[in-house]
Amino acid sequence: VKMKKILKLLILIILLLVVYLIYTIFKTDKLNYIALGDSVAEGMNPYGEIGYSYTDYIADYLKKERKLSSYTKKYTKSGYITENVINDIKNNNELKKDLRESNLVTISIGANDFLKNISIGEMSVDNIKEIKDKISVVFPNIEETIKEVRKYAKNQMIIVGYYNPIPFLFNTNGNDLDILFAYMDDEYKNIANKYNCDYVSLYMLFKNNSSYLPNPADIHPNLDGYKAISNEVINVLHKN
């Protein structure tokens, strides 16, 4: 009787090992990718049309590499501020579920919060301190947004930073304001580190490539700009 019990136990252990090995061999490394954020995440082009965003290029890359299980940018919307993302998460159970099941989340948020507080036309080296004060009040909102996403998205999350569109707008000397955008970049990085997120800086990328912003009256990138952003995110994915 004792031998029978031992035999049954051995058979059970062997079966469990077989199941584990099958799972290990055939488990998927494919990603459920959720994009969150504003018009840059949605794909607004420099002429007011929604098209391909960096998020779509990332999804295309993952699909080509056979690493994509699912992808959606239905939670992105032009004009979104931090409050919109927070409310969407709190009030949308489907979004909560998608975030829980995600392996990858990217988010672009905060630009419209800044634009609510400051006017691009008023930006000059003469009132940098005043503008910095107006910018600084936005970062607690950005942090609250990332914190809310992190409640549900426990895997890789990438925050996509902002860029300086000023040198290409209204013939202003935006390079004089680089200190402000460097400050914004640092604040984004601090939030990313605090919530164990990766951070993609766009500050130097756009500073060195004015062709990404071809419309002097609009702050949105063209397809080359979105492609370049996607390449920065893909570089982060490769590192991980």
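It should be noted that the structure appears before, not after, this text.
Here goes a summary of the coordinates provided. This structure is a prediction, so every number in the text was calculated from the model and none was measured. (Residues numbered from 1 in each chain as written. Predicted model: local features only at pLDDT ≥ 70, side-chain atom pairs only at ≥ 80, totals over all residues. Heavy atoms only, no water.)

## Considering the packing of aromatic side chains
To be explicit about the condition: In summary, the pairing rule links any two rings of Phe, Tyr or Trp, Trp by its six-membered ring, whose centres are within 6.5 Å, and it sorts them by plane angle into stacked for under 30 degrees, edge-to-face for over 60 and tilted for everything else. Charge-over-ring placement is defined geometrically: NZ (Lys) or CZ (Arg) within 6 Å of the ring centre, and within 35 degrees of the ring normal.
Counted under the stated rule, the structure contains 10 aromatic pairs. Following the ring pairs from residue to residue traces out a cluster consisting of Phe114, Phe139, Tyr183, Tyr188 and Tyr199. Taking the ring centre of Tyr183 as reference, the NZ or CZ of Lys132 above it sits at 4.6 Å.

## Considerations on the side chain of Ser53
Defined as follows: Segments assigned H or I by DSSP are reported as helices when at least four residues long, segments assigned E as strands when at least two residues long, and all are numbered from the N terminus. Burial classification: accessible surface area is computed with a 1.4 Å probe over protein chains only, and a residue below 20% of its type maximum counts as buried, one above 50% as exposed, and the rest as partly exposed. Any N or O atom pair separated by 3.5 Å or less is treated as a polar contact, with the protein-specific requirement of one donor-capable and one acceptor-capable atom, and with residues adjacent in sequence counted only for side-chain atom pairs. Note on contacts: a residue pair is in contact if any heavy atoms of the two residues lie within 4.5 Å.
With respect to the secondary-structure elements, Ser53 resides in the loop between α2 (39–42) and α3 (54–64). The exposure class assigned to Ser53 is buried, which follows from its relative accessible area of 0%. Looking at Ser53, its side chain comes within polar contact range of the main-chain oxygen of Val40, at 2.7 Å. With residues up to four places along the chain from it excluded, the contact list for Ser53 reads Val40, Ala41, Glu42, Gly43, Lys73 and Tyr226.

## Quick word on helix α4 (residues 82–91)
Put simply, the test is: Note that the arc is computed from the directions linking the helix axis to the C-beta atoms.
If you check which residues of α4 are buried, you get Thr82, Val85, Ile86 and Ile89. For α4, the buried positions fall inside an angular range of 100 degrees around the axis, keeping them on one side. The secondary structure elements touched by the buried residues of α4 are α5 (93–100), β3 (104–108), α6 (111–117) and α8 (139–150).

## Examining a nonpolar patch on the surface
Condition: Put simply, a patch holds well-exposed residues, over 30% relative accessible area, that have no salt bridge, with like charges counted together within 9 Å and Val, Leu, Ile, Met, Phe, Trp or Tyr side chains within 5 Å. Only the protein chains shown count as cover for residues, with accessible areas throughout obtained via the Shrake-Rupley method and a probe of 1.4 Å. Any Lys or Arg side-chain nitrogen located within 4 Å of an Asp or Glu carboxyl oxygen qualifies as a salt bridge.
Nonpolar side chains collect at one region of the surface, where Met3, Ile6, Leu9, Leu10, Leu12, Ile13, Ile14, Leu16, Leu17 and Val18 lie side by side and expose about 950 Å² of accessible area between them. By secondary structure assignment, the location of Met3 is in helix α1 (residues 2–26). Residue Met3 is classed as exposed on the basis of its relative accessible area, which comes to 63%.

## Describing the sheet that holds strand β1 (residues 31–37)
The cut-off we apply is this: We treat two strands as partners when DSSP finds at least two bridges between them. Here the axes come from fitting lines to C-alpha atoms, over the contacting stretch only for helices, and the angles between their N-to-C directions go from 0 to 180 degrees.
Taken in spatial order, the 5 strands make up an open sheet running β2-β1-β3-β4-β5, and their pairing is parallel. A strand with exactly one partner marks an edge of an open sheet, and here the two such strands are β2 (68–76) and β5 (198–200). With strand direction ignored, the average angle separating the axes of adjacent strands in the sheet is 20 degrees. Bridging between β1 and β3 involves 5 bridges; their strand directions are parallel. Directly across from Gly37, in β3, lies its bridge partner Ser108. Packed onto the sheet, helix α9 (residues 178–194) meets β4 (156–160) and β5 and runs at close to 160 degrees relative to β5. Across the face of the sheet, helix α11 (residues 223–239) comes into contact with β3, β4 and β5 while running at roughly 145 degrees to β4.

## Some details on empty space enclosed by the protein
To keep it simple, the criterion reads: Only protein atoms enter the 1 Å grid, on which a cavity is a set of points fitting a 1.4 Å probe that cannot get out and a pocket is an open set with protein on both sides within 12 Å along at least 5 of 7 lines, lining residues being those with an atom within 4 Å of a point. Grid points are joined across faces, edges and corners, and a volume is the space filled by probe spheres set on the points.
The final tally for this structure, using the stated rule, is 3 cavities of 30 Å³ or more. Approximately 70 Å³ is the volume found for the second largest cavity. Taken together, Asp38, Val40, Ser108, Ile109, Gly110, Ala111, Val160, Gly161, Tyr162, Tyr163, Tyr188 and Leu202 make up the lining of the second largest cavity.

## Structural notes on unusual backbone geometry
What you tend to see is this: most non-glycine residues have negative phi, and most peptide bonds are trans. One non-glycine residue, Arg66, lies in positive phi territory at about 60 degrees. Considering the arrangement of structural elements, one finds Arg66 in the loop between α3 and β2.

## Examining the layout of surface pockets
Short version of the rule: When residues are sorted by character, Ala, Val, Leu, Ile, Met, Phe, Trp, Tyr, Cys and Pro go into the nonpolar class, Asp, Glu, Lys and Arg into the charged class, and all the rest, Gly among them, into the polar class.
Its boundaries defined by the atoms lining it, the largest pocket holds a volume of some 230 Å³. Every residue along the wall of the largest pocket is listed here: Leu31, Tyr61, Leu62, Glu65, Lys67, Asn155, Gln156, Leu237, His238 and Asn240. Counting only elements with at least two residues in the lining of the largest pocket, the list comes to α3 and α11. In terms of residue class, the lining of the largest pocket is made up of 4 nonpolar, 4 polar and 2 charged.

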